[in-house]
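An overview of the molecular structure
Okay, here's what each chain looks like letter by letter:
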Amino acid sequence: MQERLEEILKTYQEDEGNIISILQDIEESFGYLPEDAIEWFSERLDVPPAKFFGIATFYAQFHLKPRGENIITTCCGTACHVKGSERLISSLMRELQIPTGEDTTEDRKFTVERVNCVGACSIAPVVIINKEVYGKMTADRLMKEIRRLK
Amino acid sequence: MLTLTIDGRQIEVKEGSTVLQAAREHEIYIPTLCDDPRLEPYGGCRLCLVQIEGVPRPVTACTTPVSEGMKVETTNEYIEGLRRTVVELILSDHPNDCMVCEKAGDCTLQELAYFYGLRENRFRGERRQYAKRDANPFIERDMEKCILCGKCVRVCEEVQGVSAIEIAYRGFNAKVCPPFEKDLDCEFCGQCVSVCPTGALMGKLSLGKGRQKDIKKVDTVCPYCGCGCNLTLHVARNEVIRVSSSPETLNEGWLCVKGRFGFKFISSPERLNTPLIRKNGRFEEVSWQEALDHVAERLGGIRDRYGPDAIAGLSSARCTNEENYLFQKFFRAAVGTNNVDHCARY
Amino acid sequence: MENSTILIKVCMGTGGIAAGGTEVISAFEKELQAEGISAAVEKHCSVHKVGCRGFCARDVLVDVLIDGEKTTYEYIKPDMVSRIVKEHILQGEAVQEWVVKDDYRTFHEKQRKVVLSDCGEVDPEDIGSYMERGGYDALRKVLTSMTPEETIEVIKSSGLRGRGGAGFPTGLKWEFARRAPGDTKYLICNADEGDPGAFMDRSIIEGNPHSVIEGMVIGAFSMGAHRGYVYIRAEYPLAVERLRLALEQARKKGLLGEHIAGTEFSFDIKIKLGAGAFVCGEETALIASIEGKRGMPRAKPPFPAQKGLWGKPTVINNVETLANIPYIVRNGAGWFAQFGTERSKGTKVFALTGKIKNSGLIEVPLGIRLHEIVHDIGGGIEGDRKLKAVQTGGPSGGCIPAEMIEIPVDYESLAEAGSIVGSGGMVVMDETDCMVNIAKYFLEFTQAESCGKCVPCRIGTKRLLEILTRITDGRGRPGDIELLESLSNDVRAASLCGLGQTAPNPVLSTLRYFKAEYEAHVHEKRCPAGVCKNLLTYTILEEFCTGCTMCARVCPANAIVGERKTPHRIIQDICIKCGACFETCKFKAIKKG
Ligand SMILES: Cc1cc2nc3c(=O)[nH]c(=O)nc-3n(C[C@H](O)[C@H](O)[C@H](O)COP(=O)(O)O)c2cc1C
Ligand code: SF4
Ligand code: SF4
Ligand code: SF4
């Protein structure tokens, strides 16, 4: 971890970064924001950790807890909503047995997320599975993909 | 100077003032919750909305700079209606337990609710519920009562330079908290407590010690250091239960942890009330006269026997300039030594 | 077809890629090689990636140009490529059954492409292909033969207004910043595009990033900025990648950086990634975010043009606004002003989606009738159902009811009707859409995106949503409709920033045109459109049920029981009212009501 953090610090210094870009790099490297990493940066940069925490909890992109191996993101834009994205989410939660209020399966294999419009409205409803965009998704096809990943 | 009209009154104010400052200078009342003249304007509570001729929507007086010939209306049915809705919305997400709230009687929110006669609430709905769990020794944080005026955050950053707390999360879930929602661990200067308009931040030492109406206020000067910050002691049943400081003082109302929370010694049973002299290996209470005579006699004795340089004086930062002056004078002139020093040098 | 020039263009926007564009490209490359025309491939035929051409619903779209003669195919899959190569490219016979139909033509006929004129034509990953079509000519012209003041004058007289939502005249904005004292000034391109249902900015950057860069450099020259930022959503990875590449290429060609095009003028652009907060589209919040802070707006004045990024004069322009600039400079203010109406000049890109046959990205002259968009370009309502309303402006906008379909689409007319042009989202709704539910959907969005700084928005939108939720859940109380209206008006008036000020618009506009629907929910506990779950029951009509078991298989809650070939039954206590059975049943045996 240490090494990676040093690298992030270096890009920050060379590239006029800011707290947000640091957090983005941490999130990208570890999949979430480990508390240690934030403390480390807070000390190195002499920026109070409260600032990091305030920013980390403001932006939807950041996660304070580790997430699943597979990330399934459902677009909840207007077009996807009109075309039934909610239904896709409820069948996902059921299939993966994720309790309400949570977003990750117990074994940390899957995380189900919502995202505000990804701007692919013409192929609504859109689901992104591990960064790959699937358009005109149906519950059936989605379940097939999930079972494949299991 | 600029001339503008507020509620039909023509007034003159300095260029660069805000509408709120202009109104206050001329004792025109505009309600606020998030404003503090000592902090950067915030514009969050929306209570100071006013109407300005030629501006289509109401604007906040605290953030709007005055301009020549501006015509401002600070109150009318429409504006008061908006303010009323704002207070009602705040109350719809508030415990409203004034009956047991420490702040009752000194709470801006309570005053506003009274002013707008808000008994019923049209917007009753989900309320934030937080566990009160903070083991720090000085500050009780009841975030359900927080109205997110951001004053504590601003004072901690702008005045104290600490940023121990920050607004975290967003929207309805926004919450003032230390990093990772841990217990507060900071300088405990209590500036945040002093600016909080509600009962969200209270001094732990004062909890349950007395209602606002039973308090006698005594103005004094902080004994801890030579800065001499002005204090107001809040006294209930002959006990100091809280210390505050008015923004109109030299120290602008700001204190440090010692001045604000270090008052327990006043009524401590361990506190010395009379001088003590060790006689036969035991401390005995004596009168001031006896004690001073004893000191004078011993100092004189040592000087005569070993010379003045056998004596050294060490003074304290808790003394005033005048006291410190006297102290060194005493040592140099009366005792006759240059061995004087001060704790602040170490 | 030995000596012809063959060009194949494959749509590679996010939509195209999702539909398999990459595979189609490699299939073409493979097939062409396999057919032994590899030499010809290298010499005459290249497979191009092009950005979105608007009609994503038909992806993958492929243009085959033989000696400039274009044939467009729709819905192309990799396994169809070999037949196209064999019949069309080798023998010159287009595969008629896959060629786009008439509606593809009508989709394009009423459009006027300015900003999008090169999208879908140029290769977004190759600066040369933009330059061949006149790209960066405008920049050269400005830098070598015009003063900043003259440039501002051109933009002012073109009548271009901001495409990001507020519609503020762009030339005027530049002029304010030009006149603001100080040497350090900034130009920011707002590519945060957070409105759900809007994707024009994404498509412009994916399809023709250089037009945005060129627009920015011209803007920077006009206002006197030497440093610019593009604030772009991290949710748009492809757009970010193409923009990054485009910036690099522009720098290499000397069109960005020090001494642009050999002149004294220097300007460079940095990309800043958004981190997922809609409110950061608001100017002051965006500035806070670029400064690395929580994206909370602050009161204006001071306006960014006076005190913006790091306290310096700053102009923030939308992607589409900036992408218009090169075309205006190239063709003249008068040319641009010929499109549109008296006060709304030029064209506007809309993202036409929802229950419409031809959904996609369209560019139309402002002032076009809504009717023309829905029926001529959009091809009418999906499933030939009845149009109910068109939502414009996303969560800050409102609904235009079907009766007002003749309304001209421009800033003033839409505002009068209680909606806005906004960033250009346009969602078509039919009789199966519930307007109360739509209002609730948008409120859910704004409520979740509220930054929490000011009371009316932080608590007010929450309360509005609670009222809407109970209405759609069948728990509406008498007086709720009045309460909604009065709270909406207060939130609108008292909120700090544009988010809170416009958040109640979807409620107010649906209340204005569809009050009866609200009343049905509150007083009769009925959802006329059959959308609100708690007000619905699904039942199986025994006389139509064949016992095919399809419904039981799709039911996610296992609420449907019955033996094969005998009528099935829905256990109401378990049913979660998702409607999956209703959509699956081939025998219309399921009743919703
Ligand atoms: C909540 C909110 C979100 C916004 N989101 C965007 C956005 O995503 N993209 C955009 O260009 N403008 C957005 N705007 C408008 C911008 O604040 C600003 O007016 C615009 O970028 C100015 O550019 P223009 O003059 O070229 O339109 C938003 C405004 C608000 C209040
Ligand atoms: S006590 Fe002082 S240092 Fe601690 S949070 Fe309050 S203002 Fe900040
Ligand atoms: S704790 Fe008090 S001062 Fe701080 S934001 Fe809440 S109400 Fe304001
Ligand atoms: S209107 Fe909403 S988003 Fe804007 S400042 Fe207020 S709380 Fe934040």
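Residues numbered from 1 in each chain as written. Chains lettered and ligands numbered in written order. Predicted model: local features only at pLDDT ≥ 70, side-chain atom pairs only at ≥ 80, totals over all residues. Heavy atoms only, no water.

Let's shift gears to helix α7 (residues 288–306) of chain B. Turn by turn, an α-helix covers 3.6 residues, leaving residues three or four places apart pointing in a common direction. Taking 1.5 Å as the rise per residue, α7 of chain B with 19 residues should run 27 Å; its terminal C-alpha atoms sit 27 Å apart, in good agreement. Backbone geometry just after α7 of chain B places G307 of chain B at a positive phi near 90°. (Helix = DSSP H or I, 4+ residues; strand = E, 2+ residues; numbered from the N terminus. Expected span 1.5 Å × (residues − 1).)

Further remarks concern the environment of I98 of chain A. Residues and elements named next belong to chain A. Mapped onto the secondary structure, I98 falls in the loop between α6 (85–96) and β2 (110–115). Looking at I98, the relative accessible area reads 7%, which means it is buried. With 14 residues separating them along the chain, I98 and V112 place their C-alpha atoms 8.7 Å apart. Apart from the residues within four sequence positions on either side, I98 is in contact with M93, D103, T104, T105 and V112. (Buried < 20%, exposed > 50% of the residue type's maximum accessible area, 1.4 Å probe, protein only. Contact = heavy atoms within 4.5 Å.)

Working note: regular strand, side chains alternate between the two faces of the sheet. Residue and element names in this part refer to chain C. Within strand β11 (residues 387–392), six of the six residues are buried, which leaves the element mostly enclosed by the surrounding structure. As paired elements, β11 and strand β13 (residues 425–430) share five bridges and run antiparallel to each other. Bridge pairing in β13 places L387 opposite D430. Here four bridges tie β11 to strand β12 (residues 398–401), and the two strands are oriented antiparallel to one another. Residue pairing for β12: A389 is matched across the bridge by P401. Taking the residues between adjacent antiparallel strands as the criterion, β11 and β12 are bridged by five residues, where G393 takes a positive phi near 80°. (Pairing = 2+ DSSP bridges.)

Residues and elements named next belong to chain C. If you check the domain split of chain C, you get domain 1 (6–100), domain 2 (127–337), domain 3 (347–430), domain 4 (435–523) and domain 5 (536–592). Taking only C-alpha atoms into account, the centre of domain 2 sits 27 Å from that of domain 3. At the boundary of domain 2 with domain 3, total buried surface from both sides reaches about 1,400 Å², with 57% on carbon and sulfur atoms. When residues of domain 2 are sorted by the area they lose upon contact with domain 3, R163, F199 and M200 head the list and together hold 38% of the total. If you look at where domain 2 meets domain 3, you find two salt bridges. One salt bridge connects R161 with E412, and the closest N-O pair in it is separated by 3.1 Å. Across the contact surface, domain 2 and domain 3 share seven residue pairs in polar contact (both at pLDDT 80 or more). Looking at side-chain class alone, the side of domain 2 that touches domain 3 contains six nonpolar, six polar and four charged residues. (Domains from an automatic or database assignment. Buried area = accessible area lost by both parts, 1.4 Å probe. Salt bridge = Lys/Arg side-chain N within 4 Å of Asp/Glu carboxyl O. Polar contact = N/O pair within 3.5 Å; in protein donor to acceptor, adjacent residues only side chain to side chain. Nonpolar A, V, L, I, M, F, W, Y, C, P; charged D, E, K, R; others polar.)

Aromatic ring pairs are reported here in terms of the distance separating the ring centres and the angle at which the planes meet. Evaluation of the coordinates by the stated rule reveals 20 aromatic pairs over all chains. Taking the centre distance of 6.3 Å and the plane angle of 85° together, the rings of Y59 of chain A and F62 of chain A count as edge-to-face. Given the relative accessible area of 2%, Y59 of chain A is considered buried. Ring pairs connect the aromatic residues F53 of chain A together with Y169 and F180 of chain B, which therefore count as one cluster. (Phe/Tyr/Trp six-rings, centres within 6.5 Å; stacked < 30°, edge-to-face > 60°.)

Before going further, it helps to spend a moment on the site of ligand 2. In the vicinity of ligand 2, the contacting residues are I139, C156, V162, A164, C186, E187, F188, C189, G190 and C192 of chain B. Along the lines of polarity and charge, the residues of the shell around ligand 2 split into eight nonpolar, one polar and one charged. (Near = heavy atom within 4 Å.)

Residue and element names in this part refer to chain B. Strand order in the open sheet formed by five strands is β2-β1-β5-β3-β4, and the pairing between neighbours is mixed. Looking at which strands have only one partner, the edges of the open sheet turn out to be β2 (9–13) and β4 (59–60). In this structure, strand β1 (residues 2–6) lies alongside β2, joined through five bridges in antiparallel fashion. Considered in β2, the bridge of T3 is made with E12.

Further remarks concern the sheet that holds strand β5 (residues 186–191) of chain C. All names here are of chain C. Spatially, the four strands line up as an open sheet ordered β7-β6-β5-β8, and their pairing is parallel. Pairing within the sheet leaves two strands with one partner each, and these edge strands are β7 (268–273) and β8 (314–318). Neighbour to neighbour, the strand axes of the sheet diverge by 20° on average, direction disregarded. Sheet topology note: the strand β6 (residues 227–232)/β7 ladder contains six bridges and is parallel. Each bridged residue has a counterpart across the sheet, and for Y231 the counterpart in β7 is K272. (Axes fitted to C-alpha atoms, helices over the stretch in contact; angles between N-to-C directions.)

Attention now moves to the interface of chain C and chain B. Facing the 32 residues of chain C at the interface are 33 residues of chain B. Contact with chain B buries area across many residues of chain C, yet R294, R458 and R463 of chain C alone supply 22% of it, more than any other trio. Two residues, K462 of chain C and E126 of chain B, come together in a salt bridge whose shortest N-O distance is 2.9 Å. Remark: the boundary between chain C and chain B carries 20 residue pairs in polar contact (both at pLDDT 80 or more). Residue assignment for the side of chain C that touches chain B shows that the elements contributing at least two residues are α18 (435–449), α19 (455–458), α20 (460–472) and α21 (480–494) of chain C. Ranked by residues supplied to the side of chain C that touches chain B, first place goes to α21 of chain C with seven residues.

What follows covers the side chain of S396 of chain C. All names here are of chain C. In this structure, S396 sits in the loop between β11 and β12. Residue classification places S396 among the buried residues on the basis of a relative accessible area of 15%. With residues up to four places along the chain from it excluded, the contact list for S396 reads I420, T502 and N505.

Of the residues lining the interface, 55 residues belong to chain C; the matching set on chain A comes to 34 residues. Buried area between chain C and chain A, both sides added, is near 3,400 Å², and the carbon and sulfur share of it is 54%. Of all residues in chain C, the largest losses of buried area upon contact with chain A belong to A275, R294 and Y441 of chain C, amounting jointly to 17% of the total for that side. The interface formed by chain C and chain A contains three salt bridges. A salt bridge links E583 of chain C to R87 of chain A, with the nearest nitrogen and oxygen atoms 2.8 Å apart. Only α1 (14–18), β6, β7, α13 (283–290), β9 (347–354) and α18 of chain C provide two or more residues apiece to the side of chain C that touches chain A. When residues in the side of chain C that touches chain A are grouped by element, the largest group, six residues, is from α18 of chain C. Tallied by class, the residues present in the side of chain C that touches chain A amount to 27 nonpolar, 13 polar and 15 charged.

Moving on to the site of ligand 4. As a structural note, the neighbourhood of ligand 4 is formed by 13 residues, with C451, C454, C457, C497 and G500 of chain C the closest of them. Across the shell around ligand 4, the residue classes tally to eight nonpolar, four polar and one charged.

With that settled, consider the nonpolar core. Within the largest apolar cluster, 125 residues are counted, with the highest numbers of intra-cluster contacts made by L23, F41 and Y59 of chain A, V176 of chain B together with L484 and Y518 of chain C. Discounting chain neighbours no more than four positions away, the residues touching Y59 of chain A are I20 of chain A, R170 of chain B together with Y231, A275, G276, A277, C280, S289, K293, R294 and G295 of chain C. Residues A120 of chain A together with I218, L247 and V319 of chain C belong to the second largest nonpolar core, which totals 75 residues. (Core = buried A, V, L, I, M, F, W, Y, C linked by side-chain atoms within 4.5 Å.)

Let us now look at the pattern of salt bridges. Here the structure, examined in full by the defined rule, presents 68 salt bridges over all chains. E157 of chain B serves as the salt-bridge partner of K51 of chain A, at 2.8 Å between the closest nitrogen and oxygen. Separated into two different chains, K51 of chain A in helix α4 (residues 49–58) and E157 of chain B in helix α4 (residues 151–159) make up a pair that spans both. Beyond isolated ion pairs, a larger network of salt bridges with shared partners links D97, K132, E140, D142 and K145 of chain B.

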